[in-house]
Amino acid sequence: ALASSAFIGGSFVLKKKGLLRLCRRGRARAGQGGHAYLREWLWWAGLLCMGVGEAANFAAYAFAPATLVTPLGALSVLVSAVLSSTFLNEQLNVHGKIGCILSILGSTVMVIHAPQEEEVSSLESMAEKLKDPGFIAFAVCVLVSSLLLIFVAGPRYGQSNVLVYVLVCSAIGSLSVSCVKGLGIALKELFSGRPVLKEPLGWVLLVCLAICISIQINYLNKALDIFSTSVVTPIYYVLFTTAVMTCSTILFKEWQHMVLDNVIGSISGFLTIVSGIFLLHAFRDMPFTPNLLPVFLQPGRADLHTPWSSADRHPSCQHQPLLPSEDKGSQSAEEEE
């Protein structure tokens, strides 16, 4: 999962770099429906990095609960933010660095309190879970909302609202994780010598996974082309993690046997990650200079231990008048009256 975060975080930057090169050449942009990025080697390098990262994720999902693996994707946000500030000249100020630290802390808390999923050891048991009415209702809601976002909201608000395309990627991504879990079970059965290739469910999951990944790549490219990487990556992570946790809870009943302290720990860790992502995103364009720091934290100040009786001490706002002199004069006149 950690290796996956490193590769996926780098893939965002490589893809964005390739899309910016196309924009400078005057080619049709991905946000306007163009596919000229297919002839850009930087974009393909980013896709290759994402493929390696998803392969590592595939291995992680095969052996661990999705609620444990998915939160570690927060580290891809950190990698993307650091690389974007280095190679894309996107600002990473003090708020962003604090957000990175909070994301790491939240991920650690979620890993410590991660739930245990119900054991699914065969494709037959996976098929029974996929037939669950709760999961069927969830999948129908995801498909209907994705179609509405693609065909109704996309043409109207896709160019101005980052949530439209990112919501499509996140909702479809939750289904792709379910397909990955099923394929991981199929591979484990195949390596143990069982005749999995004759089972139709494995091939259905493979086709569904290919369709989901294609949709994710298409609309993620549109979002990256229109909006900044520092905007798309955090929002995509939060929405994708929420969708995967919801889908995993419904499908694998991961929260059913959790004790109260693990429930509180998991929710607190996730909210900590969301807070860090918010700091990383919301204040990305706010300049933070050393002059905004308290006096004793400003670099290069030599008189940190200057006594208060010193004549050149820094004036405190507590000793300054709250009202101008004329206002004070008018106020005293009113009091005399």
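Residue positions within a chain follow its written sequence, with the count starting from 1. For a predicted model such as this one, the threshold for reporting local features is a pLDDT of at least 70, and the threshold for listing and counting side-chain atom pairs is 80 or more; totals across whole chains, interfaces and linings nevertheless cover every residue. Excluded from the side-chain calculation are hydrogens and water; included are all heavy atoms of the structure.

- The name an unreviewed UniProt entry gives the protein chain is NIPA2 protein, with Calyptomena viridis as the organism.
- UniProt positions are given in the numbering used here, feature names are shortened, and annotations may be inferred rather than shown by experiment. We quote the UniProt Sequence similarities (unreviewed entry) comment for the protein chain here in full: "Belongs to the NIPA family."
- Under the heading Subcellular location (unreviewed entry), UniProt records this for the protein chain: "Membrane".

### Notes on the nonpolar core
- In terms of nonpolar packing, the biggest core is built from 56 residues, with M126, L130, V162, V166, L220 and V232 touching the most fellow members.
- The set of elements that each furnish at least two residues to this core consists of α1 (2-25), α2 (41-63), α3 (66-69), α6 (123-130), α7 (133-157), α8 (163-191), α9 (200-226) and α10 (229-252).
- Mapped onto the domain boundaries, this core takes at least three residues apiece from domain 1 (1-65) and domain 2 (66-283).
- In this view, V166 contacts A223, V232, I235, Y236 and L239; residues no more than four positions away in its chain are not counted.
- L75, L78, C100 and M110 belong to the second-largest nonpolar core, a separate cluster that totals 14 residues. Put simply, buried Ala, Val, Leu, Ile, Met, Phe, Trp, Tyr and Cys residues joined by side-chain atoms within 4.5 Å make one nonpolar core. Three labels apply to residues, based on accessible area from a 1.4 Å probe with only protein chains included: buried if under 20% of the type maximum, exposed if over 50%, partly exposed otherwise in between. What counts as a helix is a DSSP run of H or I of at least four residues, what counts as a strand is a run of E of at least two, and both are numbered from the N terminus. Residue ranges labeled as domains rest on an automatic or database domain assignment. The contact definition used throughout considers only heavy atoms, calling two residues in contact when any of these lie within 4.5 Å.

### Describing a nonpolar patch on the surface
- Every patch collects residues that have over 30% relative accessible area and no salt bridge, joining them within 9 Å if they carry like charges and within 5 Å if they are nonpolar side chains (Val, Leu, Ile, Met, Phe, Trp, Tyr). Only the protein chains shown count as covering a residue, and every accessible area follows the Shrake-Rupley method with a 1.4 Å probe. Every case where a carboxyl oxygen of Asp or Glu lies within 4 Å of a side-chain nitrogen of Lys or Arg is listed as a salt bridge. Together, I136, V140, V144, L147, L148, F151 and V152 give the surface a local cluster of nonpolar side chains, amounting to about 650 Å² of exposed area.
- Among the structural elements, I136 can be located in helix α7.

### Some points on the environment of S122
- Mapped onto the elements, S122 comes out in the loop between α5 (94-112) and α6.
- For S122, a relative accessible area of 15% gives the class buried.
- Setting aside residues no more than four positions away along its own chain, S122 makes contact with I185, E189 and R194.

### Observations concerning the side chain of S4
- Relative to the helices and strands, S4 resides in helix α1.
- Here a polar contact is recorded for every N or O atom pair within 3.5 Å, except that within protein the pair must consist of a potential hydrogen donor and a potential acceptor, and residues adjacent in sequence are included only if both atoms are side-chain atoms. A distance of 2.8 Å separates a polar atom in the side chain of S4 from the backbone oxygen of G53.
- A polar contact is formed between the side chain of S4 and the side chain of N57, at a distance of 3.3 Å.
- Excluding anything up to four places from it in sequence, S4 contacts G53, A56 and N57.

### Observations regarding the pattern of salt bridges
- Scanning the entire structure with this criterion turns up 1 salt bridge.
- R194 is the partner of E189 in a salt bridge, and the nearest nitrogen-oxygen pair spans 2.8 Å.

### Digging into the UniProt feature "transmembrane region" (unreviewed entry) in the protein chain
- The positions UniProt marks with the feature "transmembrane region" (unreviewed entry) are residues 68-88, 94-114, 135-156, 162-180, 201-220, 226-251 and 263-283.
- The annotated region residues 162-180 carries 95% helix and 0% strand content, and the separation between its end C-alpha atoms amounts to 27 Å.
- For residues 201-220, the end-to-end C-alpha separation is 28 Å, with 100% helix and 0% strand making up the annotated structure.

### Looking at the state of the cysteines
- Disulfide: a pair of cysteine sulfur atoms within 2.5 Å of each other. A full pass over the atoms with the stated rule returns 0 disulfides.
- Between C212, a free cysteine, and C179, which holds the nearest cysteine sulfur, the sulfur-to-sulfur gap is 5.1 Å.
- Lacking any disulfide linkage, C247 is separated from the closest cysteine sulfur, that of C179, by 8.9 Å.

### Observations concerning the packing of aromatic side chains
- Any two of the Phe, Tyr and Trp rings considered here, Trp counted by its six-membered ring, make a pair once their centres fall within 6.5 Å; the pair's planes then place it as stacked at under 30 degrees, edge-to-face at over 60, or tilted in between. Within the structure shown, the criterion is met by 2 aromatic pairs.
- With a centroid separation of 5.7 Å and an interplanar angle of 40 degrees, the aromatic rings of Y165 and Y219 are classed as tilted. Of this pair, Y165 sits in helix α8 while Y219 sits in helix α9, and the two are 54 residues apart along the sequence.
- Y165 gets classed as buried once you look at its relative accessible area, which sits at 7%.

### Regarding the packing of helix α4 (residues 74-87) against α5
- Every axis in this analysis is a line fitted to C-alpha atoms, fitted for helices over the stretch in contact. Angles between the N-to-C directions lie between 0 and 180 degrees. It is at 9 Å that the axes of α4 and α5 come closest, and there the two elements cross at 160 degrees. Taken together, α4 and α5 sit at an angle that is classed as roughly antiparallel. Classified by chirality, the crossing of α5 by α4 is left-handed. Residue-level contacts link A74, L75 and L78 of α4 to C100, S103, I104 and S107 of α5. If an angle is under 35 degrees, it is roughly parallel; if it is over 145, roughly antiparallel; if it lies from 65 to 115, roughly perpendicular; otherwise it is oblique. By definition, turning the near helix anticlockwise from the far helix through less than a right angle yields a left-handed crossing, and turning it clockwise yields a right-handed one.

### Brief notes about α7
- What we call the bend at a residue is the angle made by axes fitted to the seven residues finishing there and the seven residues starting there. For α7, the principal kink sits at L149 and spans about 35 degrees.
- Residues of α7 that are buried: F135, F138, A139, V142, S146, L149, I150, A153 and G154.
- At the N-terminal boundary of α7, the capping side chain belongs to D132, with an oxygen 3.0 Å from the backbone nitrogen of G134.

### Looking at the confidence of the model for the protein chain
- How sure the predictor is of each residue is captured by pLDDT, a score from 0 to 100. Taken over all residues, the pLDDT of the protein chain has a mean of 77, while the share at 70 or more is 78%.
- Taken element by element, the protein chain is modelled with least confidence in helix α12 (residues 325-336), mean pLDDT 51, and with most confidence in α7, mean pLDDT 91.
- Note on residues 304-319: pLDDT under 50 across the span, and 7 contacts to partners over four residues away in sequence or across chains.

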